[in-house]
Structure formats: structure tokens, C-alpha cells
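Spelled out, the chains give:
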Amino acid sequence: MHVEVRLHSTDQPIPALRSVLTPAVNAFLVSNWNLPENVAFKPNLKEVDPSLVASVLLERDCGGRPEIDEETMSFCFHFYKPHAVAASAGSGLFDGSVDADGGAVVDANHVLLPSQQFLGLWESLVFEKGLKERLLKFALSALTFSKHRVDTNVIACNRLILLHGPPGTGKTSLCKALAQKLAIRTHEAYAYTHLVEINSHSLFSKWFSESGKLVAKLFAKIGELVADSNNLVCLLIDEVESLAYARSSMNSNEPRDAMRVVNALLTHLDEIKTRPNVLILATSNLAQSIDLAFLDRADIRQYIGYPAVPAIRSIYKSMLVELMSAGIVECEAVEVEDIEEGLLTNLSERSVGLSGRTLRKLPLLAHAQYTASELFEQHGKIFLSDFLDALLLALEQNMREHHLLKIESSE
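Worth saying up front: this structure is predicted, and the values here are computed from it rather than measured.

## Quick word on unusual backbone geometry
Working step 1: Between Leu-113 and the following residue, Pro-114, the backbone shows a cis peptide bond with an omega angle of -5°.
Working step 2: Residue placement: Pro-114 occurs in the loop between strand E6 (108-113) and helix H2 (121-124).
Working step 3: Positioned with a positive phi, Glu-239 is a non-glycine residue whose angle comes to about 50°.
Working step 4: The residue Glu-239 is located in the loop between strand E9 (231-237) and helix H6 (256-272) in this model.
Working step 5: We classify Glu-239 as partly exposed; its relative accessible area is 34%.

## Thoughts on H6
Working step 1: An ideal rise of 1.5 Å per residue puts 24 Å on 17 residues; H6 measures up with 25 Å between its terminal C-alpha atoms.
Working step 2: Of all the residues in H6, the buried ones are Asp-257, Ala-258, Val-261, Val-262, Ala-264, Leu-265, Leu-266, His-268, Leu-269 and Ile-272.
Working step 3: In the core, the buried residues of H6 are packed alongside helix H5 (210-226), E9, strand E10 (278-284) and helix H7 (292-297).

## With respect to the side chain of Asn-231
Working step 1: Inspection of the secondary structure assignment puts Asn-231 in strand E9.
Working step 2: Setting aside residues no more than four positions away along its own chain, Asn-231 makes contact with Tyr-190, Tyr-192, His-194, Leu-225 and Asn-277.

## Concerning empty space enclosed by the protein
Working step 1: One pass over the full model with this rule turns up 2 cavities of 30 Å³ or more.
Working step 2: If you add up the space inside the second largest cavity, you get close to 50 Å³.
Working step 3: If you tally residues by element for the lining of the second largest cavity, the top one is helix H3 (residues 131-147), at 4 residues.
Working step 4: A breakdown of the residues in the lining of the second largest cavity according to their chemical character gives 3 nonpolar, no polar and 6 charged.

## Looking at the sheet that holds E10
Working step 1: The 6 strands are arranged E6-E8-E9-E10-E7-E11 in an open sheet whose pairing can be described as mixed. On the outer flanks of this sheet lie E6 and strand E11 (300-303), each paired with one strand and no other. Across the sheet, the mean angle separating the axes of adjacent strands is 20° when strand polarity is ignored.
Working step 2: Sheet topology note: the strand E7 (residues 160-164)/E11 ladder contains 4 bridges and is parallel.

## Remarks on the packing of helix H9 (residues 334-341) against helix H13 (residues 384-410)
Working step 1: Remark: H9 packs on H13, axes separated minimally by 11 Å, with the N-to-C direction vectors making an angle of 70°. If you check the angle between H9 and H13, you find them roughly perpendicular. Along the contact surface, H9 presents Val-334, Glu-337 and Glu-341, while H13 presents Leu-384, Ser-385 and Leu-388.
Working step 2: Across the contact of H9 with H13, the residue classes break down as 3 nonpolar, 1 polar and 2 charged.

## Here we look at the environment of Tyr-190
Working step 1: You can see Tyr-190 is positioned in the loop between helix H4 (171-185) and strand E8 (192-198).
Working step 2: The exposure class of Tyr-190 is buried, given its relative accessible area of 6%.
Working step 3: Sequence-wise, Tyr-190 and Ser-229 are 39 residues apart; in three dimensions their C-alpha atoms are separated by 7.7 Å.
Working step 4: Residues contacting Tyr-190, with those up to four places away along its chain left out, are Lys-147, Ser-229, Asn-230, Asn-231, Leu-232, Pro-276 and Asn-277.

## A closer look at the packing of aromatic side chains
Working step 1: As enumerated under the stated definition, the model contains 4 aromatic pairs in all.
Working step 2: With centroids separated by 6.4 Å and ring planes inclined at 40°, the aromatic side chains of Phe-28 and Phe-41 adopt a geometry described as tilted. With Phe-28 in helix H1 (residues 14-30) and Phe-41 in the loop between H1 and strand E2 (53-59), this pair connects stretches of sequence that are 13 residues apart. In this structure, Phe-28 and Phe-41 share a single accessibility class: buried.
Working step 3: Look at Trp-33 and Phe-75: their rings are 6.4 Å apart centre to centre, the planes differ by 25°, and that puts the pair in the stacked class.

## Considering the pattern of salt bridges
Working step 1: All told, the structure shown has 15 salt bridges when counted by the stated rule.
Working step 2: Glu-59 is the partner of Arg-185 in a salt bridge, and the nearest nitrogen-oxygen pair spans 2.8 Å. Of this pair, Arg-185 sits in helix H4 while Glu-59 sits in strand E2; the two residues are 126 residues apart in sequence, bridging distant segments of the chain.
Working step 3: Using a relative accessible area of 11% as the deciding quantity, one classes Arg-185 as buried.
Working step 4: Taking the shortest distance from any N to any O, the salt bridge between Asp-338 and Arg-313 comes out at 2.8 Å. Taken together, the positions of Asp-338 in helix H9 and Arg-313 in helix H8 (residues 309-325) put the pair 25 residues apart, joining distant regions of the chain.

Conventions and cut-offs
Residues numbered from 1 in each chain as written. Predicted model: local features only at pLDDT ≥ 70, side-chain atom pairs only at ≥ 80, totals over all residues. Heavy atoms only, no water. Helix = DSSP H or I, 4+ residues; strand = E, 2+ residues; numbered from the N terminus. Buried < 20%, exposed > 50% of the residue type's maximum accessible area, 1.4 Å probe, protein only. Expected span 1.5 Å × (residues − 1). Contact = heavy atoms within 4.5 Å. 1 Å grid on protein atoms, 1.4 Å probe; cavity = no way out; pocket = protein on both sides within 12 Å on 5 of 7 lines; lining within 4 Å. Points joined across faces, edges and corners; volume = space filled by probe spheres on them. Nonpolar A, V, L, I, M, F, W, Y, C, P; charged D, E, K, R; others polar. Pairing = 2+ DSSP bridges. Axes fitted to C-alpha atoms, helices over the stretch in contact; angles between N-to-C directions. Parallel < 35°, antiparallel > 145°, perpendicular 65-115°, else oblique. Phe/Tyr/Trp six-rings, centres within 6.5 Å; stacked < 30°, edge-to-face > 60°. Salt bridge = Lys/Arg side-chain N within 4 Å of Asp/Glu carboxyl O.

Next comes the structure, spelled out in C-alpha cells:
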């Protein structure tokens, strides 16, 4: 059982806090076996200052919840302090360069992990059972192989994960959540974890042969981070097909610079992977457009499709719980309502084929279009069944608009 302990910001170093808090947290867990998993909670600690701990999260490697054996259960503790202010583009190493026209070009977004902005992201993402955990275990295994200097000529290990699938399915969010998770789980091996998200569009120039040079400059900056063995660098290339477009599909009318970018990207990826402290995360909406040489370098090519009914149901439930805790929807038992009226089941089944991004837009649309304005003048809370009806109306409206867009695009 992994125990992630988020600490409040203090001047005390984490090793000192770990030695003080581990016995207290362990005693609390042993005496409370019915604690929630995969949901952060505030523990009631004794004999230590309770203000030191912001929250505790329990999580299993397999992502499931088998019966707990109190005699054999062991805990693996991870203490961390999230960085309140993210190191971002516009400051620091990736402060943007100047292009041939004299304009500022932002190479990449740079965030120091774990970060406040990604708290709760991993838990909020819903995919098929075990998918997140498999990716996390692979990433940890890949970093273990590289840290032990396993000969890649004998055992291939490029530390490159490619997530591909239709837009809006959570690929980029999953990459960021995975990087955040690695920062927490590898805290003893690496003092700092950096997320560097490449701004692909900034690497293309209208000037002849300039794009390849921009790629080289960017990787030189990344190399400065990777050169410090105390750093773990997670390199995120979103919509990688824009940088690694299949060279075999390029025709004589394609700009030569496009091919130079692909060549430069592959060359620098091969160089940077010789360092043991880098992990490459890539996403694509058009995997069939990616150069075969890049695809061949990916250790895992994971398809992220539209959510199935169980995942859709979980997404709706999490959104309803959030609205209940925010005081917008009346606090009612979702499962009881579904047994009585079946509104959630009906809504979930009719939502098949929608992306997670689209599903998460529906509550706001439902509230804006289908709830009474006088709620603001009264207690302001909506009955669960009424809001589920509103969600269904918003879903139907969304589908009508999507159908019209398809008709327009085909004309």
C-alpha cells in the first residue's frame, strides 16, 4: 500500500518531518482499516502537530481494492511538499528565444513538480481499470533499468511512452498527472522533478533551415537540466505528429524544413536518452501520421479511446459529488436515486461515444440552460433528479449541435 503524505509548507526539511511523522501516520493507519482509497483525506494524528499534514492518499499498485490482510499489509510512505508557484514559460531556462524576425519565441512550458496546480489530477482521471497504474509501473520500471545502467543494446529501453487516440480523451492530462506521480514516488532518488512541455508550434520558422536550429537550441536547454543527476526530467511532446510527421508521406511540395525537424527531433531524442534521468511522454491525435522511426522508439503505444459506460458513470458520479460538496446540488445518495429512477444509468448509456472533455462540460451547460433562475433567490440547491434531467437535456443539445457540425463539414 502506497501512502502519499502531503505536507503543509514549512521550513523544516522533509527528512526530518518524515522521521517524526512516519510512526504517527503508521499508527493511525493500523488502527483505522476502513479508510478511503484513491481519495485524499485529512488524518486525525496523535502525539504530533496535526497542522504539519495537509492530506493522506492511499493507493495500491494494482489500482483495485482486495481484502486487507492486517497481518501482512505493509506501507510505503512518500512525503512531499507541492510547489506553490510553478516555474513557467517566461521565466528561467525556457525564457523564450528570439526568432529571425526579432520576435519572442517560447520554447517550452517548465513546471517544477510536484506542483499545486496538478493536485488531485491523477485521482480525477477515469480510464479503463488499471490503465493508469500500468503506465505508472512501466515508467518506474524504465527509470529503474536506466538508473542501474542496463545495457540498451541487450534490452531495449528508450523510456518513451506514446498515448494516442481521439481528441479530448485525457491524454495530455494523463501525461501531466503521471509526471506528478513520478515526482512523488521517486522523491528519494531525485531531489527535483521537472516537467518540460515542448511548444511544438514555436519550433517552426518561415526562414529556410531555421526550424532544425530551433529544435537543437531547445534540446540544448533541456540538456542543461538533464546534466544534473539530481534532476528527473519528464519531457512532454503534445501532438507529436506536428514534429514527427511521417517522412514517407512527404511529397515534393512539402517544405524541406519539415523533414529537417523530424531528423533533428529523432537525433536529439537518441542523444538525450543516453542520460538515465529523463522520461519522454508523447501524445497524438493522429498516430497514423507519425514517422515510423519515432513509433519504433516508443516502448509503449497506449491507445486512449472514448470512455465506456462504467467510466462514463464514474465521471458523472465524480461531477455530481463535486457539485454536492460545492452546495449547488442537494446532497443525496446517487446510487439510491439510480435504483429508484435509473436516471444516471440512462444518462451514462446515452453518453457513449463522447469524450471525457465533452462530458465534463455538460454540468455547466445543464445549469445554465435548464435550471430555474429563481434558485439564486432561494436556497440555491437543485434536487439530484432534477439536475440529472437537466444533464440529459444538455446531452441531447450537445448531440444535436455535433450532428449539425458534421453536416456543415461535409458540405
